[in-house]
Amino acid sequence: MAVSRDEVLRALGTIRIGSGPLPASGRLSEISVDPSGRVSFAISADPGEAAALEPVRAAAEAAVKALPGAGPVFVTLTADRPAGAGPGRAAAPPSAAQRAAAAPPRAQAVPGVKRIVAVASGKGGVGKSTLSCNLALALRLQGLAVGLLDADIYGPSAPKLFGLSGKPRLVGERMLEPLDGYGVKVMSIGFLVEESSAMIWRGPMVTSAIQQLLREVAWGELDVLIVDMPPGTGDAQLTMAQSTPLTGAVIVSTPQDLALIDARRGVAMFQKVEIPILGVVENMASFACPHCGTVSNIFGHGGARREAEKLGVPFLGEIPLQMEIRETSDAGRPVVVTDPGTAHARAFMDVAQKLWAGLQEGAGRRAAPRIVIE
Ligand SMILES: Nc1ncnc2c1ncn2[C@@H]1O[C@H](COP(=O)(O)OP(=O)(O)OP(=O)(O)O)[C@@H](O)[C@H]1O
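Residues numbered from 1 in each chain as written. Predicted model: local features only at pLDDT ≥ 70, side-chain atom pairs only at ≥ 80, totals over all residues.

- The protein is annotated in an unreviewed UniProt entry as Iron-sulfur cluster carrier protein of Enterovirga aerilata.
- The record in UniProt for the protein states the following under Cofactor (unreviewed entry): "[4Fe-4S] cluster".
- Per its UniProt entry, the protein bears the Function (unreviewed entry) comment "Binds and transfers iron-sulfur (Fe-S) clusters to target apoproteins. Can hydrolyze ATP." (UniProt positions renumbered as here; feature names shortened; annotations may be inferred.)

In structure tokens:
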């Protein structure tokens, strides 16, 4: 029989943090135990405390692992407070120079992974996953070593987009081997759990699971890891942005005003935690009729470019609204690899080229510009 939550809590009562037991510290997230006995939870930590709390994390994991009925145990440290906000720290606000020097990294780096780029949207359904997949492949076609982490835990779509199924192999004791999607190393919660069980996860568990996917996957040497973020700008997304060592973020939007308002929130969210915005992409920008060639701007046109200009962040390009993009995505045959000569595949490649050029120029190292929301 699988271990119970109470048994896990009792075991954690033997672990000390500061002068008291871990469960009384207020740092413990909800404990998740699935029917197979897999246990996961997070311990919240100021980013500056990560190294000091690692032995506590390891001890908690070992204590739970030792319980009869416990399956694999995953314990992560998650930063849900900005660095320096912890108790007993100096309260003086940092100067702009200190902030610029301190950012990034704010979270522990992932060994071998040179750059981590989040693809995010303020709103669901704007094509974030489609862009993440095709962008990763376009970077791969440029000869780069690329990974894709599907962190959209509420609706993982990498398995479908890359046409992948099956469970990742375990390497060593706890590292998972990513699956190969047309030369891109792909990891998704969709490979590990049923979609229905992913849906009930709450904020801290989402962060914990994503950290696990980030850090317990044998990514090897990567030039870029693309992270397909969960949609929206709530607490879970903010915490995730903080606890992942992101080089920067790409924001996707469709051209409608409503989507753009949400995209602006997305930009603001990353800027709040001083993660550079690498650029904005307009998806579903225009539609060229395959019969007569007439171009229609179904959702409007140019809004994301104007928004990017207004916010002072790079505009990376437009992806047209194209039936073939939807069809190839649904069929697990991404257009960038299956039909690279088309105008829409080229559009993804142009975005990838601009993104890579920005990364080379150190766009990811610049301090985030300040924005004012009117
Ligand atoms: N440029 C495009 N042309 C045609 N269809 C598109 C385009 N971009 C995305 N789609 C389609 O729109 C739907 C939503 O796209 P996608 O799943 O990538 O969005 P998302 O922002 O990741 O959504 P979610 O918020 O659910 O994660 C999919 O069916 C996809 O195939």
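## Some thoughts on the site of the ligand
- Taken together, 20 residues sit near the ligand, with Gly-124, Gly-127, Lys-128, Ser-129 and Thr-130 positioned nearest.
- Residue composition of the shell around the ligand, grouped by class: six nonpolar, eleven polar and three charged. (Near = placed C-beta within 6 Å. Nonpolar A, V, L, I, M, F, W, Y, C, P; charged D, E, K, R; others polar.)

## Regarding the domain arrangement of the protein
- Domain annotation of the protein identifies domain 1 (5-79) and domain 2 (116-364).
- For domain 1 versus domain 2, the distance between C-alpha centres works out to 31 Å. (Domains from an automatic or database assignment.)

## With respect to the pairing of strand 7 (residues 146-150)
- The buried count for strand 7 comes to five of five residues, which makes it a mostly enclosed element.
- Across the two faces of strand 7 the burial is the same, with Val-146, Leu-148 and Asp-150 and Gly-147 and Leu-149 all buried.
- As paired elements, strand 7 and strand 12 (residues 224-228) share five bridges and run parallel to each other. The partner of Leu-149 across the bridge, within strand 12, is Val-227.
- Across four bridges, strand 7 lies against strand 11 (residues 184-188) in parallel orientation. Bridge pairing in strand 11 places Leu-148 opposite Val-186. (Buried ≥ 20, exposed ≤ 12 C-beta atoms within 10 Å, placed from the backbone. Helix = DSSP H or I, 4+ residues; strand = E, 2+ residues; numbered from the N terminus. Pairing = 2+ DSSP bridges.)

## Quick word on the environment of Met-240
- Mapped onto the secondary structure, Met-240 falls in helix 8 (residues 235-243).
- A residue is classified by how many C-beta atoms lie within 10 Å of it, and Met-240, with 28 of them, is buried.
- Remark: the alpha-carbon pair of Met-240 and Pro-320, spanning 80 residues in sequence, is separated by 30 Å.
- When sequence neighbours within four positions are dropped, the list of residues in contact with Met-240 reads Ala-151, Thr-207, Ile-210 and Met-229. (Contact = placed C-beta atoms within 7 Å.)

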